[in-house]
Amino acid sequence: MSSEDRSDIFIQQIQKVLLQDWDPLNIRKNTSMKDEYDAYIADVLDVLENESATAANIAGCLQEIEHEFLGIKKTSDRAEKAAAKIWQHFEEFLA
């Protein structure tokens, strides 16, 4: 598999986690809004570019998005669970 294919799969995995596991707006069942969180994939990737990044950094990023961009109360539980899944996919991507 080419590195471009691996990158595409990784981005799709992030997209799925944001919609299925994070989903602060509770829209996962609305198929017309399945791309609602796609704009935040770049924010997650920016976090992962830092060599010292951790799942906690991803969770912090997601919490900041919840508060600053979506105008909702930060919830560490939802963000931490989603961040852990993204981190797992990231480790698989690097392997």
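Since we're looking at a predicted model, the values are computed, not measured.

Trainee: What am I meant to see in the nonpolar core here?
Mentor: Nonpolar side chains in soluble globular proteins tend to be buried together. Core analysis: the largest hydrophobic core is formed by 25 residues, its most contacted members being Leu18, Trp22, Ile58, Leu62 and Ile86. Those elements that place two or more of their residues in this core are helix H1 (3-22), helix H2 (41-49), helix H3 (55-69) and helix H4 (76-94). Looking at this core element by element, the count peaks at six residues for H1. Aside from chain neighbours lying at most four places away, what touches leucine 18 is Asp23, Tyr37, Tyr40, Ile41, Leu62 and Ile86.

Trainee: Before we go on, may I ask you to explain the packing of H1 against H2 in this structure?
Mentor: How two helices pack is summed up by the angle between their axes together with the distance between the axes. The N-to-C vectors of H1 and H2 enclose an angle of 115°; their axes lie 10 Å apart at closest approach. Between H1 and H2 lies a crossing whose hand is right-handed. Of the residues in H2, those in contact with Phe10, Ile11, Ile14, Gln15 and Leu18 of H1 are Ile41, Val44, Leu45 and Leu48. Looking at side-chain class alone, the contact of H1 with H2 contains eight nonpolar, one polar and no charged residues.

Analysis parameters
Residues numbered from 1 in each chain as written. Predicted model: local features only at pLDDT ≥ 70, side-chain atom pairs only at ≥ 80, totals over all residues. Heavy atoms only, no water. Core = buried A, V, L, I, M, F, W, Y, C linked by side-chain atoms within 4.5 Å. Buried < 20%, exposed > 50% of the residue type's maximum accessible area, 1.4 Å probe, protein only. Helix = DSSP H or I, 4+ residues; strand = E, 2+ residues; numbered from the N terminus. Contact = heavy atoms within 4.5 Å. Axes fitted to C-alpha atoms, helices over the stretch in contact; angles between N-to-C directions. Left-handed = near helix turned anticlockwise from the far one by under 90°. Nonpolar A, V, L, I, M, F, W, Y, C, P; charged D, E, K, R; others polar.

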